[in-house]
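This is what each chain is made of:
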Amino acid sequence: MSRSRSVPPAPEDGRPRMADIARIAGVSVATVSRALAGSPRVTGETRERIEAAVRDTGYVVNRMARSLRLQQARQVFVMVPNIANPFHASVLLGAEEAAVAAGFHVLIGNTAGDPARAEEHARQLLTGAVDGMLLLGGRLPEPLKAPALQQRLVAVIEPVAAPGVPVVEIDNQAGGREATRHLIALGHRRIGHIGGTAATTATPKRFNGYAEALTEAGLELQPELVRYGVFSIATGAEQMAKLLELPEPPTAVFCGSDEIAMGAIRTIKQAGLRVPEDVSIVGFDNIYFAAVTDPPLTTIDQPSRRLGFEAMRLLADRLAGVAGPKRDVNVPYRLIVRASTAPPPRR
């Protein structure tokens, strides 16, 4: 005689249990346990059903829930799109400083822009290996989209597409506007822009600030002066070369990052021109190398270390249940004027 599987009663505290996940996915509790531990014995459709049930219920492994209630969970994860980026490295320093102060250990995962790697890192929150996550890069991996998990997340630098996840950032549009206003105040009227990665939210915001400043000054936006790539020295070098090939090159360029600006400066010098005597350059971020380039770079200071610190502090508050509802944090920026900008050459 076959025995029907009993449906587990709802837990008194309202938290989903592993038995609930097993019931929803139509598998045994042991299979759920193996799947959440990353066992290769669970593959394909079964794993997908289990992960879907975890997302839908907001399930967190019991040991993590218990340790959080007892204030004994001490690990957080920082997901980084490019750990070699000096700006991201500085964000990590600030995050670690705040984590140590709050009594947490920090784990770091480099996604290299690969969604599959990001999803693999994200599963550490589902399995209870970590208590919460900081997300750099503006993307929310699929396993973290359940609203019940979003109390354990904070985005840094760029927001993610999730209403329950706060972001710690600067006003990128205002920064782009101030950088361009600086060049206009020096007398430049033909100002180019080299933007970074199109998929980020920062890139269009910085462009919008650039465009706003031109409009305020009564200057027409010239499409041929706007170029895009990624946040890299190579992009700056390549796109600056294209700007110099124009019949009337710009006398100044606002770059979407300091690395882009460094590549632009290299190309200008290779063309036999000078910065800032022939072309002025403004960057964005104020990474460490901005002050020691030749010439030292005028830039928008995006306080990377403070961004990381404030984000980790907010995450610790959310994990402790003292942060209240979602609240974004806006960190002040500032324009730092150095030797890479000057009035335009007389022609």
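## Quick word on the packing of aromatic side chains
Then comes step 1: Tallied over the entire structure, the rule returns three aromatic pairs.
Then comes step 2: Ring centres 5.9 Å apart and planes at 45° place the aromatic pair Phe207 and Tyr210 in the tilted group. Separated by three residues within a single helix, Phe207 and Tyr210 lie in helix 8 (residues 202–216), roughly one turn from each other. The same class applies to Phe207 as to Tyr210, namely buried.
Then comes step 3: Where Tyr288 meets Phe289, the ring centres are 5.5 Å apart and the plane angle is 75°; that geometry is what we call edge-to-face.
Then comes step 4: On the basis of relative accessibility, which here comes to 64%, the residue Tyr288 falls in the exposed class.
Then comes step 5: Taking the ring centre of Phe284 as reference, the NZ or CZ of Arg206 above it sits at 3.8 Å.

## As for the side chain of His188
Then comes step 1: Along the polypeptide, His188 turns up in the loop between helix 7 (172–185) and strand 6 (191–195).
Then comes step 2: Overall, the relative accessible area of 0% leaves His188 in the buried class.
Then comes step 3: Here Ser280 takes part through its side chain, which lies 3.4 Å from a polar atom of the side chain of His188.
Then comes step 4: Excluding residues that lie within four positions of it along the chain, His188 makes contacts with Leu183, Leu219, Thr251, Ala252, Ser280, Ala342, Pro343 and Pro344.

## A closer look at the sheet that holds strand 5 (residues 167–169)
Then comes step 1: Strand order in the open sheet formed by six strands is 2-1-3-4-5-11, with parallel pairing between adjacent strands. Two strands close off the open sheet at either side, each with one partner strand: strand 2 (105–110) and strand 11 (329–330).

## Quick look at the packing of helix 5 (residues 86–102) against helix 11 (residues 304–320)
Then comes step 1: For the pair helix 5 and helix 11, interaxial distance at closest approach is 6 Å and the crossing angle is 40°. With respect to each other, helix 5 and helix 11 are oriented oblique. Viewed along their axes, helix 5 and helix 11 form a crossing whose handedness is right-handed. Of the residues in helix 11, those in contact with Phe87, Ser90, Val91, Leu93, Gly94, Ala95, Glu97, Ala98, Ala99 and Ala102 of helix 5 are Ser304, Arg305, Leu307, Gly308, Phe309, Met312, Arg313 and Ala316.
Then comes step 2: Of the residues contributing to the contact of helix 5 with helix 11, the split by class is 11 nonpolar, four polar and three charged.

## Details of the environment of Asp294
Then comes step 1: Within the secondary structure layout, Asp294 lies in the loop between strand 9 (280–285) and strand 10 (298–301).
Then comes step 2: Measuring from C-alpha to C-alpha, the distance between Asp294 and Ala339 comes to 8.6 Å, with 45 residues separating the pair along the chain.
Then comes step 3: Once you skip the residues sitting within four places of it in the chain, Asp294 turns out to touch Ile265 and Lys269.

## Here we look at the pairing of strand 8 (residues 252–255)
Then comes step 1: Of the two faces of strand 8, the one holding Ala252 and Phe254 and the one holding Val253 and Cys255 are both buried throughout.
Then comes step 2: Bridge count between strand 6 and strand 8: four bridges; the pairing is parallel. By the bridge assignment, Gly192 is partnered in strand 8 with Val253.
Then comes step 3: Remark: the strand 8/helix 10 (residues 258–270)/strand 9 crossover connection has right-handed handedness.

Thresholds, definitions, all that
- Residues numbered from 1 in each chain as written.
- Predicted model: local features only at pLDDT ≥ 70, side-chain atom pairs only at ≥ 80, totals over all residues.
- Heavy atoms only, no water.
- Phe/Tyr/Trp six-rings, centres within 6.5 Å; stacked < 30°, edge-to-face > 60°.
- Helix = DSSP H or I, 4+ residues; strand = E, 2+ residues; numbered from the N terminus.
- Buried < 20%, exposed > 50% of the residue type's maximum accessible area, 1.4 Å probe, protein only.
- Lys NZ or Arg CZ within 6 Å of the ring centre and 35° of its normal.
- Polar contact = N/O pair within 3.5 Å; in protein donor to acceptor, adjacent residues only side chain to side chain.
- Contact = heavy atoms within 4.5 Å.
- Pairing = 2+ DSSP bridges.
- Axes fitted to C-alpha atoms, helices over the stretch in contact; angles between N-to-C directions.
- Parallel < 35°, antiparallel > 145°, perpendicular 65-115°, else oblique.
- Left-handed = near helix turned anticlockwise from the far one by under 90°.
- Nonpolar A, V, L, I, M, F, W, Y, C, P; charged D, E, K, R; others polar.
- Right-handed = clockwise from strand over helix to strand, strands pointing away.

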